[in-house]
Amino acid sequence: MGFQLMGLAHAKQKLQRTLSGRIGNALATSNVPKGHIAVYVGEGNKKRFVIPISYLNHPLFQDLLNRAEEEFGFNHPMGGLTIPCSEEYFISLTTLLNCS
């Protein structure tokens, strides 16, 4: 009986760790406002940006999406949409799109 209780306690701890990780991931993605999407950009260390969904329709941004598809397919290493370009280029592109 003592072994069963120890096994149950271990299983409970493992379940709590698993659930807390999932809740943490859900909270990390829940701070994206409606009408926006989080993307990861950069070479090496990736930085997270939250951009309006409307950017996705712009031809310059679609070029980046095509490059992301070629490089990563549907397996993005950060768990979200990863854009394969420099942070500087991405900032200049979003600045341009924000002005138009």
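First things first, this report covers the structure right here in the doc. (Residues numbered from 1 in each chain as written. Predicted model: local features only at pLDDT ≥ 70, side-chain atom pairs only at ≥ 80, totals over all residues. Heavy atoms only, no water.)

One open sheet accounts for three strands, arranged E2-E1-E3; its pairing is mixed. Two strands lie at the open edges of the sheet, namely strand E2 (47–52) and strand E3 (81–83), each paired on one side alone. Between one strand and the next, the sheet's axes are offset by a mean angle of 40°, whatever the strand orientation. One ladder, built from six bridges, connects strand E1 (residues 36–41) with E2; its direction is antiparallel. Counted as the bridge partner of Ala38 is Val50 from E2. Taken strand by strand, helix H2 (residues 59–72) contacts E2 and E3, and its axis lies near 105° from that of E3. On the sheet, helix H3 (residues 87–99) packs against E1, E2 and E3 and is oriented at approximately 15° with respect to E2. (Pairing = 2+ DSSP bridges. Helix = DSSP H or I, 4+ residues; strand = E, 2+ residues; numbered from the N terminus. Axes fitted to C-alpha atoms, helices over the stretch in contact; angles between N-to-C directions. Contact = heavy atoms within 4.5 Å.)

Within the structure shown, the criterion is met by two aromatic pairs. Between Phe61 and Phe90 the ring centres are 6.1 Å apart and the planes differ by 65°, which places this aromatic pair in the edge-to-face class. With Phe61 in helix H2 and Phe90 in helix H3, this residue pair connects regions lying 29 residues apart in the sequence. Grouping residues by exposure puts Phe61 and Phe90 together as buried. Three or more aromatic residues joined by ring pairs form one cluster here, namely Phe49, Phe61 and Phe90. (Phe/Tyr/Trp six-rings, centres within 6.5 Å; stacked < 30°, edge-to-face > 60°. Buried < 20%, exposed > 50% of the residue type's maximum accessible area, 1.4 Å probe, protein only.)

An α-helix turns once per 3.6 residues; consequently, residues spaced three or four apart project the same way. With 13 residues, H3 extends 18 Å from end C-alpha to end C-alpha; this agrees with the ideal 18 Å at 1.5 Å per step. Those residues of H3 lying buried are Phe90, Leu93, Thr94 and Leu97. Viewed end-on, H3 has its buried residues packed into an arc of 95°, placing them on one side of the element. For H3, the exposed residues set more than 90 degrees away from the buried face come down to Glu88 and Cys99. In this structure, the buried side of H3 is in contact with E1, E2, H2 and E3. (Expected span 1.5 Å × (residues − 1). Arc of directions from axis to C-beta.)

By themselves, these observations are geometric and do not establish any function.
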